[in-house]
Amino acid sequence: MEKIRLDKWLWAARFYKTRSLAVQEIGKGRVLVNDQPAKPAREVAAGDLITVRKEDPPLHVRVVAVSGVRGPAPVARQLYEETPESVATRERAAEMRRLAPEPALGIEAGRPTKRDRRLIDQMRGK
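Structure report, in brief. Please read these numbers as outputs of a predicted model, since none were measured by experiment. (Residues numbered from 1 in each chain as written. Predicted model: local features only at pLDDT ≥ 70, side-chain atom pairs only at ≥ 80, totals over all residues. Heavy atoms only, no water.)

## Details of the pattern of salt bridges
As enumerated under the stated definition, the model contains six salt bridges in all. With a shortest N-O distance of 2.8 Å, Glu82 and Arg90 are connected by a salt bridge. Take Glu82: its relative accessible area is 16%, and that puts it in the buried class. Take Arg90: its relative accessible area is 33%, and that puts it in the partly exposed class. For Arg98, the salt bridge goes to Glu95, with nearest N and O atoms at 2.7 Å. With Arg98 and Glu95 both in helix H4 (residues 84–99), this residue pair falls three residues apart, about one helical turn. For Arg98, a relative accessible area of 58% puts it in the exposed group. Within this structure, Arg5, Asp7 and Arg19 form a network of salt bridges that share partners. (Salt bridge = Lys/Arg side-chain N within 4 Å of Asp/Glu carboxyl O. Buried < 20%, exposed > 50% of the residue type's maximum accessible area, 1.4 Å probe, protein only. Helix = DSSP H or I, 4+ residues; strand = E, 2+ residues; numbered from the N terminus.)

Bear in mind that shape data such as this cannot, by itself, settle questions of function.
Okay, here's the thing in structure tokens:
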């Protein structure tokens, strides 16, 4: 079975722009392998479950293939598959953000929005 360092795989799969960024995020505990904290030198192989807390909700991906070279995005996408639970959670979070009310509408006598500012200026004759 072929294995590769975790930081190198994250870089090749385009989760992070550089390997040093991947190492920093792994060091901060934002990357888990099989639900356990990992070190950058941890070897991953096909079938491992990797959790990346880069955004809110974290991504849960299963390693499909390993590669030591960083290729184009469509090729990098073939190195992993996102779990169905992760996809559902991500879509639910996106829907909640879409349905969330405009933050400025809830502020009474607070800072006006850009549209409010235009209306105020229009009323003042500017």
